[in-house]
Amino acid sequence: MRVLLAGGAGYIGAHTAVALLESGHEVVLLDDLSGTQAVAAERVETITGKAAPLVVGNAADDEVVEAVFAEHGPIDAIVHLAAFKAVGESTQKPLDYYANNLDSTFALLRVGLAHGIRSFVFSSTGTVYSDPADLPFTEDSTTSVDLSNPYSKSKRMNEVILADVARVNPDVNVTILRYFNPVGAHPSGLIGEDPTGIPNNLMPYVSRVAIGTLDRIGVFGDDYDTPDGTGLRDYIHVVDLAEGHVVALEQAQPGLAVYNLGTGVPVSVLQLIASFEAAVGRELPKEFLPRRAGDVAATYCDPAKAAAELGWRTRLTIDDASRDYWNWQSRNPRGYSA
Ligand code: UD1
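Because the structure is predicted, anything quoted here is derived from the model rather than measured.

Caption draft 1: Structural detail: the overall build of the chain. Along the backbone of the chain there are 11 helices and 14 strands. The principal-axis extents of the C-alpha atoms in the chain amount to approximately 55 × 45 × 40 Å. For the chain, with 338 residues in total, the buried portion stands at 54%. Sequence separation of at least 24 residues holds for 80% of the intrachain contacts in the chain that already meet a minimum separation of 6. In the structure as shown, the chain presents an accessible area of about 14,100 Å², 50% of it carried by carbon and sulfur atoms. The centroid of the 25 positive side-chain charges in the chain is displaced by 3 Å from the centroid of its 43 negative side-chain charges.

Caption draft 2: Fine view of the packing of helix H7 (residues 202–211) against helix H9 (residues 269–280). Interhelical geometry of H7 versus H9 gives an angle of 40° and a closest axis separation of 11 Å. The angle between the axes of H7 and H9 places the two elements in the oblique class. When the axes of H7 and H9 are compared, the crossing they make is right-handed. Between H7 and H9, the contacting residues are Leu-202, Met-203, Val-206, Ser-207 and Ala-210 on the first element and Val-269, Leu-272, Ile-273, Phe-276 and Val-280 on the second.

Caption draft 3: Representation of helix H2 (residues 39–48) in the model. Three or more residues of H2 are buried, namely Ala-40, Ala-41, Arg-43, Val-44, Ile-47 and Thr-48. Each buried residue of H2 lies within a common arc of 160° when the element is viewed along its axis, so the set occupies one face. Looking at the buried side of H2, the elements it contacts are helix H1 (11–22), strand S2 (26–31), strand S3 (54–56) and helix H11 (318–331). A positive backbone phi angle near 70° is found at Gly-49, which sits one or two residues after H2.

Caption draft 4: Spatial organisation of the sheet that holds strand S12 (residues 267–268). Here we have three strands laid out as an open sheet, ordered S12-S9-S14, and mixed in their pairing. Two strands lie at the open edges of the sheet, namely S12 and strand S14 (298–299), each paired on one side alone. Of the strand pairs in this sheet, strand S9 (residues 232–233) and S12 are connected by two bridges, and their pairing is antiparallel. Opposite Leu-232, over in S12, you have Ser-268 as the bridge partner.

Caption draft 5: Geometry of the packing of aromatic side chains. Applying the stated criterion across every chain, the model contains six aromatic pairs. Note on Tyr-129 and Phe-137: the rings are 4.9 Å apart at their centroids and 20° apart in plane angle, and the pair reads as stacked. Each member of the pair, Tyr-129 together with Phe-137, is buried. Through successive ring pairs, a cluster of aromatic residues spans Tyr-129, Phe-137 and Phe-180. The ring of Tyr-224 has Arg-291 sitting right over it, with the charged end atom 4.1 Å from the ring centre. The ring of Tyr-259 has Lys-305 sitting right over it, with the charged end atom 4.9 Å from the ring centre.

Caption draft 6: Region of interest: the site of the ligand. Looking at the ligand, there are 22 residues lining it, with Leu-202, Gly-218, Arg-233, Arg-292 and Asp-295 nearest. In the environment of the ligand, an oxygen atom lies 3.4 Å from a nitrogen or oxygen atom belonging to the side chain of Asn-149. Between the ligand and the protein, one listed contact pairs an oxygen atom with a backbone N or O atom of Leu-202 at 2.8 Å. Relative to its unbound accessible surface of 740 Å², the ligand loses 90% to contact with the protein. Among the secondary structure elements, those contributing two or more residues to the shell around the ligand are helix H6 (150–168), strand S7 (181–183), H7 and strand S8 (217–220). With three residues, S8 is the largest single contributor of residues to the shell around the ligand. Its residues placed into classes, the shell around the ligand shows nine nonpolar, 10 polar and three charged.

Caption draft 7: Region of interest: the side chain of Glu-139. Structurally, Glu-139 is set in the loop between strand S5 (119–125) and H6. This buried residue, Glu-139, is left without a salt bridge; Lys-305 holds the nearest opposite charge, at 5.4 Å. In terms of polar contacts, Glu-139 uses its side chain to reach the backbone amide nitrogen of Asn-260, at 2.8 Å. Beyond its immediate sequence surroundings of up to four residues, Glu-139 is in contact with Tyr-129, Arg-178, Val-258, Tyr-259, Asn-260, Asp-302 and Lys-305.

Caption draft 8: Quick peek at the pairing of S5. For S5, the tally of buried residues reaches seven of seven residues, placing the bulk of the element in the interior. Of the two faces of S5, the one carrying Ser-119, Val-121, Ser-123 and Thr-125 and the one carrying Phe-120, Phe-122 and Ser-124 are both buried. Relative to S5, strand S4 (residues 77–80) is paired through four bridges, and the arrangement is parallel. Across the sheet, residue Val-79 finds its bridge partner in S5, namely Val-121. Following the backbone out of S5, through H6 and into the adjacent parallel strand S6 (residues 173–179), one traces a crossover that is right-handed.

Caption draft 9: Local environment of the packing of H1 against helix H8 (residues 238–251). Two numbers describe how H1 lies on H8: the axes approach to 8 Å, and their chain directions differ by 60°. Between H1 and H8, the angle is such that the two are oblique. Crossing of H1 against H8: the hand is right-handed. Across the interface between the two elements, Tyr-11, Ile-12, His-15, Thr-16, Ala-19 and Leu-20 from H1 touch Val-238, Val-239, Leu-241, Ala-242, Glu-243, His-245, Val-246 and Leu-249 from H8. Of the residues assigned to the contact of H1 with H8, the class counts are 10 nonpolar, three polar and one charged.

About the cut-offs
Residues numbered from 1 in each chain as written. Predicted model: local features only at pLDDT ≥ 70, side-chain atom pairs only at ≥ 80, totals over all residues. Heavy atoms only, no water. Helix = DSSP H or I, 4+ residues; strand = E, 2+ residues; numbered from the N terminus. Buried < 20%, exposed > 50% of the residue type's maximum accessible area, 1.4 Å probe, protein only. Contact = heavy atoms within 4.5 Å. Areas by Shrake-Rupley, 256 points an atom, 1.4 Å probe, with all protein chains shown as cover. Lys, Arg positive; Asp, Glu negative; His and termini not counted. Charge placed at Lys NZ, Arg CZ, Asp CG, Glu CD. Axes fitted to C-alpha atoms, helices over the stretch in contact; angles between N-to-C directions. Parallel < 35°, antiparallel > 145°, perpendicular 65-115°, else oblique. Left-handed = near helix turned anticlockwise from the far one by under 90°. Arc of directions from axis to C-beta. Pairing = 2+ DSSP bridges. Phe/Tyr/Trp six-rings, centres within 6.5 Å; stacked < 30°, edge-to-face > 60°. Lys NZ or Arg CZ within 6 Å of the ring centre and 35° of its normal. Near = heavy atom within 4 Å. Polar contact = N/O pair within 3.5 Å; in protein donor to acceptor, adjacent residues only side chain to side chain. Nonpolar A, V, L, I, M, F, W, Y, C, P; charged D, E, K, R; others polar. Salt bridge = Lys/Arg side-chain N within 4 Å of Asp/Glu carboxyl O. Right-handed = clockwise from strand over helix to strand, strands pointing away.

Pasting the structure below:
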């Protein structure tokens, strides 16, 4: 099938583009390059030896999306990964986050449905689950729109909107993928995560310490009610995550479906750092800091539904992710910037 990947030059987008191309699909990437660079699309082509045309534009603009369909149609499916994702920034710029993260869905749906797309896959987050008593989270666990930050709220709002859209478009496959914590990079070292400024997330921060652009890792809290006192997360290799999008598209059925994409294995902050240190081959400077506002002690999923219905399972470990992230970082010390 031919797939419009909105946000296709981003971290998850580029890996998903590779996975789709390697499974025999065609892709068109739409990206405003607000969080990545055009070279990511060229690298997708280098890895796969296939075309990954990039349209530079905003997925929240109906005219831009119309132009993609006019130039690159017919398009069978849209995978929507075009969103602002910095949690801290979202608390400072709520309007920007709500506008961008909702308008992109509206424009892609309006134009896509008018052109008869069969499938719409939406990138959501495991942070929509709100009750720690439900751990490990299944797709039926309690969700809330009353979350700790506008980024997460915008994701849950999108889910609510998509459920209504699916109801009145019963022939369309609408799939919501709730990601846990994406880490790692393509094993080629050609594509990977390239955060702007100081990274918020753990693995990119650790990697910057390893490459020497940041001094030391700050571990946010050592007094959680967890085995080693640090936070537990479900870190999923981005290559496994990308494969989840391929199977979601290939197996999609009419109506709404929701899947967790995670490993199901809780990993602590200290375990993740130790894994990265093993990949780098030396210990990294670190210090314990107070808990970060808005963080929860633990979040990890039960990925059984995706296994049962899509036949999807993660294959890669956090050690694979650490090795591949470090390979990408060492080959590209400044990310996509030359
Ligand atoms: C965050 C977002 C989530 C988003 C995800 C993307 C929230 C509250 N969090 O998840 O929406 O989908 O990123 O991967 O909405 N840590 C440190 N030091 C650091 C950075 C992180 O100790 O410098 C710890 C955190 O306290 C946490 C763990 O590492 O226990 C993971 O943090 P992070 O990578 O930022 O992901 P989340 O907060 O889980």
